[in-house]
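Analysis of the macromolecular model
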Amino acid sequence: LRDEFREQEREYRKHQDEVRRARQEKAAQERSARQAEYEKTRRMREAEKLDEQPYVQEMTLIEQTVAFCKSLTSTKEVGEKKEEKEIKHDLKEGMEVLTRKEDREEYFFVPTAKK
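Since we're looking at a predicted model, the values are computed, not measured.

Secondary structure assignment for the protein chain yields 2 helices and 0 strands. The burial tally for the protein chain puts 0% of its 115 residues in the buried class. Summed over its atoms, the accessible surface of the protein chain is roughly 13,200 Å², and 53% of this surface lies on carbon and sulfur atoms.

Shown next as structure tokens:
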């Protein structure tokens, strides 16, 4: 009776081992497929990294700084080159030319009463 039970137990274990082995093989194949896909994507990323220029951020910062400095120096030169032109007005008798607000002389009322 015991021999028969142990024989059935061995057969069950063999069956379980076969099922387990088949499951492990399937998992190993899936794992190798995922690993191959990962390696492929990793190589693609590395190839894309080689196409990119190194130090892009530093180069753009330097270009922006140079452009900023040029804008500062160009505004000074424009300010120095500005020339005043006198405009001749053909005014008839009794006419006046109004000046710009910045060029006007302002008169303030002086208080006469003291407190």
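There's more to say after this.
Let us now look at the environment of Asp17. Counting through the fold element by element, Asp17 comes out in helix α1 (residues 2–51). Within the structure, the side chain of Asp17 is placed 3.0 Å from the side chain of Arg20, a separation counted as a polar contact.

The final tally for this structure, using the stated rule, is 5 salt bridges. Measuring nitrogen to oxygen at the nearest pair gives 4.0 Å for the salt bridge that ties Glu9 to Arg13. Here Glu9 and its partner Arg13 are both found in helix α1, 4 residues apart, which amounts to about one turn of the helix. A salt bridge links Glu39 to Arg42; its shortest N-O distance comes to 2.6 Å. With Glu39 and Arg42 both in helix α1 and 3 residues apart, this pair spans about one turn of that helix. On the basis of relative accessibility, which here comes to 28%, the residue Arg42 falls in the partly exposed class. Taken together, the salt bridges that share partners define one network made up of Glu39, Arg42 and Glu46.

What follows is about a nonpolar patch on the surface. A grouping of Leu91, Met95 and Val97 is seen on the molecular surface, where their side chains present a nonpolar patch of about 270 Å² in accessible area. Residue class for Leu91 comes out partly exposed when judged on its relative accessible area of 44%.

Scoring rules and cut-offs
Residues numbered from 1 in each chain as written. Predicted model: local features only at pLDDT ≥ 70, side-chain atom pairs only at ≥ 80, totals over all residues. Heavy atoms only, no water. Helix = DSSP H or I, 4+ residues; strand = E, 2+ residues; numbered from the N terminus. Buried < 20%, exposed > 50% of the residue type's maximum accessible area, 1.4 Å probe, protein only. Areas by Shrake-Rupley, 256 points an atom, 1.4 Å probe, with all protein chains shown as cover. Polar contact = N/O pair within 3.5 Å; in protein donor to acceptor, adjacent residues only side chain to side chain. Salt bridge = Lys/Arg side-chain N within 4 Å of Asp/Glu carboxyl O. Patch = residues over 30% accessible without salt bridge, like charges linked within 9 Å, V, L, I, M, F, W, Y side chains within 5 Å.

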